[in-house]
Amino acid sequence: MSQLTTELDATLAARAACGLSRVRRIVEARDAPRCRVDGREMLHFGSNDYLALAQHPRLVEAVCEGAVRYGVGAGASHLISGHFQPHESIERELGRWIAPCRGARALLFSSGYLANLAIVTALAARNDTVFADRLNHACLNDAALLSRAAFVRYPHVDIDALDRRLAASRARRKLIATDAVFSMDGDIAPLPLLLELADAHDAWLVIDDAHGFGVLGDRHLCGRGALAHFGMSSARIVYMATLGKAAGVAGAFVAAHSSAIDMLIQTARSYMFTTASPPMLACAIEASIALIKRETARRAQLSVLIDRWRIAAQSLPWRLLPSETAIQPLVIGGNEDALRVSAALWDRGIWVPAIRPPTVPRGSARLRITLTAAHTTDDVETLAEALRDIAAE
Ligand SMILES: Cc1ncc(COP(=O)(O)O)c(C=O)c1O
């Protein structure tokens, strides 16, 4: 045993020496965007609760009502006996609303990770090929590896490179997989061009809209996400969005052609072999979707903050990535440097985690600053001021 743990300790020490150790901070209370973390009151710029719905009284109420009616846990997977009325009704509503094609349906998952595993493993196998943007979220990559399909990565949003790879492929079935909003960069994928390629090469287009759903769409009017942002629809689109980010709850859903949804239900192991998410959460999701549709002011506020931040950040010595979304990364470079800037912010009462490899490429460690509808323009100025201060030290 000691030899086994000694090996682990050596690996952990090597990671620590490269500035790659992760620590978990403990959130003791929150009143977004402020929270008490490890005993300190902090202003937080690291949450994906973009619309500030996670603490909304209507969601809390919906969870309580759902718990009283259905209990806390689902008790089984969806296919055994864990599929409750609130699951069914939110699936119907999301299928109708997101509607990537006529007659599309939606399917709920307990997490986005499981949803992506389900999509890729249900639609691709040996003899197939998954084409993936180099900056896709890790779970799309893991899904491709699990599917046993060939896995071809193309340079970030490089449409020509992808076209060449698709043209050279002899795969039985092709699947293009992309984040809609790249989670660590904040930029938006050229989805209409990707759909053109999917049409030209007879491929599925898997869109992971974890960071666009609720936020993007019709100039802040609807929050229907990336498909509404670009006004796209197609039976080739397999759309996935998470419900633990802008929707403020937990879980995810896939919206796609009815046949694709059936395939997921019948064959996806990450759907079949896991307990359904608690029905009380489906109640909260229903409440959240109603607010996403109705409360356009949340998206408008986010947009004001993004503009304000981009102006305020111009004078900083670090590279602000070209993002028009709530994800506003500031690339610092080295792991230790990113940790140092993050720690200096922490000392000033501001919490922005440093993101390092393997989450981002080597040499591009960054502060992943996220803005939410709960922030004010003063909060944004406070952050910019603190960073200017740190840069001058
Ligand atoms: C782009 C993207 N896809 C998928 C996921 C996974 O979603 P979940 O947290 O619901 O598992 C995340 C983040 O967690 C993400 O950023």
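Residues numbered from 1 in each chain as written. Predicted model: local features only at pLDDT ≥ 70, side-chain atom pairs only at ≥ 80, totals over all residues. Heavy atoms only, no water.

Visitor: I would appreciate a short explanation of the sheet that holds strand S11 (residues 319-320) in the present structure.
Guide: Picture the strands of a sheet paired through backbone hydrogen bonds; they go either parallel or antiparallel. Spatially, four strands are ordered S11-S12-S15-S14 in an open sheet, and the strand pairing comes out antiparallel. Each edge of the open sheet carries a strand with a single partner, namely S11 and strand S14 (354-355). Where S11 and strand S12 (residues 327-333) come together, two bridges link them in antiparallel fashion. Directly across from Arg 319, in S12, lies its bridge partner Val 331. (Pairing = 2+ DSSP bridges. Helix = DSSP H or I, 4+ residues; strand = E, 2+ residues; numbered from the N terminus.)

Visitor: What am I meant to see in the domain arrangement of the chain here?
Guide: The parts lose accessible area when they come together, and the size of an interface is often stated as this lost area. Split by domain assignment, the chain resolves into domain 1 (25-51 + 296-392) and domain 2 (57-294). At the interface, 22 residues of domain 1 touch 23 residues of domain 2. Together domain 1 and domain 2 conceal approximately 1,700 Å² of surface at their shared face, both sides included; 61% is due to carbon and sulfur atoms. At the junction of domain 1 with domain 2, the criterion picks out one salt bridge. Here Arg 366 and Asp 185 are joined by a salt bridge, their closest N and O atoms 3.1 Å apart. Connecting domain 1 to domain 2 are 10 residue pairs in polar contact (both at pLDDT 80 or more). When residues of the side of domain 1 that touches domain 2 are traced back to their parent elements, those giving at least two are helix H13 (296-312), S12 and strand S15 (365-370). (Domains from an automatic or database assignment. Contact = heavy atoms within 4.5 Å. Buried area = accessible area lost by both parts, 1.4 Å probe. Salt bridge = Lys/Arg side-chain N within 4 Å of Asp/Glu carboxyl O. Polar contact = N/O pair within 3.5 Å; in protein donor to acceptor, adjacent residues only side chain to side chain.)

Visitor: For this particular structure, what's the right way to read the pairing of strand S6 (residues 150-154)?
Guide: Looking down a regular strand, the side chains alternate between one sheet face and the other. Sheet topology places strand S5 (residues 129-133) next to S6; five bridges connect them, and they run parallel. Across the sheet, Asp 133 pairs through a bridge with Tyr 154, a residue of S6. This β-α-β element, S5 to helix H6 (residues 138-147) to S6, shows right-handed connectivity. (Right-handed = clockwise from strand over helix to strand, strands pointing away.)

Visitor: Before we go on, may I ask you to explain the nonpolar core in this structure?
Guide: Across soluble globular proteins, nonpolar side chains show a tendency to be buried alongside one another. With 85 residues, the main nonpolar core has Ile 176, Phe 213, Tyr 239, Phe 253, Trp 309, Ile 369 and Leu 387 as its most contacted residues. Per element, the largest residue contribution to this core is eight residues, and it comes from helix H12 (residues 279-294). When residues of this core are sorted by domain, at least three fall in each of domain 1 (25-51 + 296-392) and domain 2 (57-294). Here Tyr 239 is in contact with Ile 98, Ile 207, Asp 209, Phe 213, Arg 224, Gly 225, Ala 226, Leu 227, Phe 253, Val 254 and Ala 255, once residues within four sequence places are set aside. Counting residues in hydrophobic clusters, the runner-up holds 29 residues, among them Leu 107, Ala 115, Val 206 and Ala 260. (Core = buried A, V, L, I, M, F, W, Y, C linked by side-chain atoms within 4.5 Å. Buried < 20%, exposed > 50% of the residue type's maximum accessible area, 1.4 Å probe, protein only.)

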